[in-house]
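# Notes for the structure review
Listed here are the chains, written in short residue letters.
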Amino acid sequence: MTKKNILLALTFGAVLSILCSVFIISNLYNIPYEKFTGDPALIFKANPFIGVVSNIGILFWCCAACICLFSGLLLLSKDKDYSQFLIFSGFFSTILLLDDFFIIHDYGVFYIFPNDFSQKTILGLYALFAMWYLYKFQKIILTTNFFILGAAFFFLGLSVLIDVVFESKGIQYFIEDGFKFIGITGWTLYFTSTSYELLSTKVLIKC
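Note that the structure is a prediction, hence the values are computed from the model and not measured. (Residues numbered from 1 in each chain as written. Predicted model: local features only at pLDDT ≥ 70, side-chain atom pairs only at ≥ 80, totals over all residues. Heavy atoms only, no water.)

## Things to note about helix α10 (residues 170-202)
The first and last C-alpha atoms of α10 sit 48 Å apart over 33 residues, in line with the 48 Å expected at 1.5 Å per residue. Buried within α10 we find E176, G183, I184, G186, W187, T188, Y190, F191, T194, S195, L198 and L199. Those residues of α10 that are buried are in contact with α4 (52-74), α5 (80-102), α7 (119-136), α8 (138-141) and α9 (146-165). (Helix = DSSP H or I, 4+ residues; strand = E, 2+ residues; numbered from the N terminus. Expected span 1.5 Å × (residues − 1). Buried < 20%, exposed > 50% of the residue type's maximum accessible area, 1.4 Å probe, protein only. Contact = heavy atoms within 4.5 Å.)

Given below as structure tokens:
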């Protein structure tokens, strides 16, 4: 079997696994199929623009994760240090993507984790991982346009701080999500530009 056929089999295998899991869970817990496969706005007869900024932010998370993982794999045979940096960055972006997509640190924590897990516990784990990540890759980060990454962490941190300290409603909610959106945008900009620069210098991509 060729590499292309293996990739094809893995891709459709993953898709079929998701659909089979949805089918099984739906029947086990008596949850209508459309609750899993349908669009939330249609299911709840809501305005289709509800959550539009959040959805765009999730798309940015996805872009950052895909670009980092793809670039990291391309660099694997050229520079293992930079490759490892981008691959870990891709996994970090994926974790933040899943958290935002499933609202894990807010409501998802009650559905996924045991009762002794709290929002602050989840956020604390993210903070520890972020500190480890910055420490591990500090030398590489300092060779890049790290001001953009620093700004991203700053605004994401402000969003978390407002979320923890203030009640999420009204103008506080707007400011919190506004800072988060700015942080996500900066995060994606940093890893997009950094990946491009590394690929251009290490893999000699000609534009």
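## Quick notes on unusual backbone geometry
Positive phi outside glycine occurs at K45, with the angle close to 50 degrees. Examined against the element boundaries, K45 turns out to sit in the loop between α3 (40-43) and α4. Looking at K45, the relative accessible area reads 75%, which means it is exposed. One non-glycine residue, I103, lies in the positive phi region at around 50 degrees.

## A closer look at the packing of α7 against α9
Relative placement of two packed helices is described by the angle separating their axes and the distance separating the axes. As a packed pair, α7 and α9 sit with axes 12 Å apart at the nearest point and diverge in direction by 160 degrees. Regarding the angle of α7 to α9, the classification is roughly antiparallel. In this structure, α7 crosses over α9, and the sense of that crossing is left-handed. From α7, Q119, K120, L123, A130 and L134 reach across to α9, where they touch F153, V160, D163 and V164. (Axes fitted to C-alpha atoms, helices over the stretch in contact; angles between N-to-C directions. Parallel < 35°, antiparallel > 145°, perpendicular 65-115°, else oblique. Left-handed = near helix turned anticlockwise from the far one by under 90°.)

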